[in-house]
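Residue strings, one per chain:
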Amino acid sequence: MAPFNSVSDRRAFLKFLAASPLLAAAGLTPRWFDQVLGAPVAAQAQDAYVIKSVREALNIFDFEAAAKAKLSVPHFIEFDLGVFNDETLRANRDAFTKYQIKMRRLLGITTVDQSVQIFGVKWDAPIFLCPVGRITALNPEGNLAVARAAKAKNTLEIMSGAQQLEQVNALRGEPVWIGVQGGAPAETLLKRLEAAGCPALVWAIDGVGGGNQIGARAVQRAGVANLERKDDPRCNACHQNEGRITLSDRMSDVIGALGSLKGEAANQVSWSDVKRVRGMTRMKLVLKGIVTREDAQIAVQNGVDAVIVSNHGGHEDAGGRGTLECLPEVVAGVAGRIPVLIDSGFRSGADVYKALALGAAAVGVGRAYAWGLASFGQDGVETVIELLRRELQVAMAQTGATSIAKITRATLIARN
Ligand SMILES: Cc1cc2nc3c(=O)[nH]c(=O)nc-3n(C[C@H](O)[C@H](O)[C@H](O)COP(=O)(O)O)c2cc1C
């Protein structure tokens, strides 16, 4: 008989109870049980084992568990959860179940070429690292560790913000793509980025107009209404100049981010700003956050060089649509004129395969490498990239695609 595991057995028992129509009538849904049990919303339940080294990692979720074990509660929550009741966060994952891969057998393929070219530069695989802000909360080396890993793996990297730009570029020996978000970047910033040699400006527009920021929940769920960071040794190494943070401060942030009911949301930006920024820089302009055919068409008309289908990993967007569901219409909207990249919810090579088969030129990961960074630094990021590539290789070998260009829509079945 299998050894008794009190936590997982109790969880199984409660899940069984959760399915009961009697409890459903009382308003106790399976999701309520998940919340009570503290199951991470983004995860697909793995067992409770926490890996001690990257060599033990079997898949990306091993890194989520390891990051959770390592990070403080507010940091983990801020990185892991979504906004607006997590609807979009869950939709990102659910979208992958709507497509299945037709796996063929005995094709005799032992090697595949995953390399892709984007803006004339060759990368070893179609998997890139998304911009993630406040990354030193995960690892003190932050972007430097990520840059070393990306360089070691010849992986496209988009860095959030320009604070460590010159250091990162020197370390890589080549400039990174740079990510900005919110309002239109100022001309002085554009000049600095150009001077640093950045080939592409990735402008995230999905938070414009107000997102339901999750910082408040991070403080709330830490079990404190009044977090005296400067007095807490776990916080003051990084936050000593930021003083006291209270839950009510964070709630004001939320209201501020949502904008007032009179429509005075901060950072209002429109397509004329995109056109203006396009005219102000020689860098390739990539819009991150496009999820509709209409906006894809307008982006092309405004001289945008590529789009990223993204909802910030469910971190900003209340739409409730997974990006994989949005991808086909964005691909149709650009009609082959510019590359379409995608991110949000990607956790395996099979996920990556599905997006490529639907027409994406490359796939970005955010949390996956953030978990790797939080748990094992540069090694963790490299292993996350390696795992995703190996899983993609399996899917390619079993569908007969010896190169990325040979991945076709015909190898996917849409679930009815
Ligand atoms: C904690 C966190 C911080 C983020 N910071 C930024 C950022 O500074 N700029 C940006 O464009 N996107 C940011 N994103 C969004 C990511 O670039 C990316 O779109 C998202 O993480 C992809 O979804 P995934 O985490 O499910 O892979 C952030 C996402 C998270 C979860």
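So, how was this worked out
Residues numbered from 1 in each chain as written. Predicted model: local features only at pLDDT ≥ 70, side-chain atom pairs only at ≥ 80, totals over all residues. Heavy atoms only, no water. Helix = DSSP H or I, 4+ residues; strand = E, 2+ residues; numbered from the N terminus. Buried < 20%, exposed > 50% of the residue type's maximum accessible area, 1.4 Å probe, protein only. Pairing = 2+ DSSP bridges. Right-handed = clockwise from strand over helix to strand, strands pointing away. Contact = heavy atoms within 4.5 Å. Axes fitted to C-alpha atoms, helices over the stretch in contact; angles between N-to-C directions. pLDDT = per-residue confidence, 0-100. Phe/Tyr/Trp six-rings, centres within 6.5 Å; stacked < 30°, edge-to-face > 60°. Core = buried A, V, L, I, M, F, W, Y, C linked by side-chain atoms within 4.5 Å. Polar contact = N/O pair within 3.5 Å; in protein donor to acceptor, adjacent residues only side chain to side chain.

Things to note about the overall build of the protein chain
Here is step 1: Of regular secondary structure, the protein chain possesses 17 helices and 14 strands.
Here is step 2: Relative to its 416 residues, the protein chain shows a buried fraction of 49%.

Side note on the pairing of strand β11 (residues 306-309)
Here is step 1: The alternating pattern of β11 places A306 and I308 on one face and V307 and V309 on the opposite face, and all of these are buried.
Here is step 2: Two elements, strand β10 (residues 284-288) and β11, share 3 bridges in a ladder whose sense is parallel. Bridging across to β11, K288 finds its partner in I308.
Here is step 3: Regarding topology, helix α14 (residues 293-301) serves as the crossover connection from β10 to the parallel β11, and that connection is right-handed.
Here is step 4: Across 3 bridges, β11 lies against strand β12 (residues 340-342) in parallel orientation.

Considerations on the environment of A397
Here is step 1: You can see A397 is positioned in helix α17 (residues 367-397).
Here is step 2: Residue A397 is classed as buried on the basis of its relative accessible area, which comes to 17%.
Here is step 3: For the pair formed by A397 and I109, sequence separation is 288 residues and the distance between their alpha carbons is 5.5 Å.
Here is step 4: Apart from the residues within four sequence positions on either side, A397 is in contact with L107, I109 and V112.

Re the sheet that holds strand β6 (residues 177-181)
Here is step 1: In space, the 8 strands of this open sheet follow the order β4-β13-β12-β11-β10-β7-β6-β5, with parallel pairing throughout. At either end of the open sheet lies a strand with only one pairing partner, and these are β4 (127-129) and β5 (158-160). Ignoring strand direction, the axes of neighbouring strands in this sheet form an average angle of 30 degrees.
Here is step 2: Bridge count for β4 against strand β13 (residues 362-365) is 3 bridges, and the pairing is parallel. In the sheet register, L129 faces β13, and the bridge partner there is V365.
Here is step 3: The strands touched by helix α15 (residues 323-334) are β11 and β12; relative to β12, the strand with the most contacts, the crossing angle is about 170 degrees.

A few points about the confidence of the model for the protein chain
Here is step 1: Per-residue confidence for the protein chain gives a mean pLDDT of 84; residues scoring 70 or more make up 75%.
Here is step 2: For the protein chain, per-element mean pLDDT is lowest for helix α3 (residues 30-37), which scores 44, and highest for β12, which scores 99.
Here is step 3: Low pLDDT (under 50) marks residues 26-45, which in the prediction has 34 contacts with non-local residues, meaning those over four places away or in another chain.
Here is step 4: For the stretch residues 262-266, pLDDT sits under 50, and the model shows 4 contacts to residues farther than four places along the chain or on other chains.

Things to note about the packing of aromatic side chains
What describes a pair of aromatic rings is the distance from one ring centre to the other and the angle between the planes of the rings.
Here is step 1: Under the definition given, this model contains 4 aromatic pairs.
Here is step 2: When the centroid spacing of 4.9 Å and the interplanar angle of 75 degrees are considered together, the rings of F96 and F346 count as edge-to-face. Of this pair, F96 sits in helix α6 (residues 87-96) while F346 is found in the loop between β12 and α16 (349-357), placing the two residues 250 residues apart along the sequence. Each member of the pair, F96 as well as F346, is classed as buried.
Here is step 3: With 5.4 Å between their ring centres and 25 degrees between their planes, F119 and W177 make a pair best called stacked. Here the residue F119 occupies a position in the loop between β2 (116-118) and β3 (121-123), and W177 occupies one in strand β6, the gap between them amounting to 58 residues.
Here is step 4: Accessibility expressed as a relative area gives 27% for F119, which makes it partly exposed.

Observations regarding the pairing of strand β7 (residues 200-204)
Here is step 1: Burial of β7 is extensive: 5 of the 5 residues sit out of reach of the surface.
Here is step 2: Of the two faces of β7, both are covered, the one formed by A200, V202 and A204 as well as the one formed by L201 and W203.
Here is step 3: As paired strands, β6 and β7 are joined by 4 bridges and run parallel to one another. Considered in β7, the bridge of I178 is made with L201.
Here is step 4: This β-α-β element, β6 to helix α9 (residues 187-195) to β7, shows right-handed connectivity.
Here is step 5: Bridge analysis of β7 against β10 gives 5 bridges, and the strand direction is parallel. Bridging across to β10, A204 finds its partner in K288.

Focus: the nonpolar core
Grouped burial of nonpolar side chains is what soluble globular proteins tend to show.
Here is step 1: Counting 103 residues, the largest nonpolar core has L201, V307, L324, L327, F346, Y353 and Y369 as the members making the most contacts within it.
Here is step 2: Beyond its immediate stretch of four places on either side in the chain, Y369 contacts L129, C130, P131, V132, I135, V146, V381 and V384.

What to know about the environment of Q114
Here is step 1: Inspection of the secondary structure puts Q114 in the loop between β1 (99-101) and β2.
Here is step 2: Separated by 10 residues in the primary sequence, Q114 and D124 have C-alpha atoms spaced 6.2 Å apart.
Here is step 3: A polar atom in the side chain of Q114 sits 2.9 Å from the backbone oxygen of R389.

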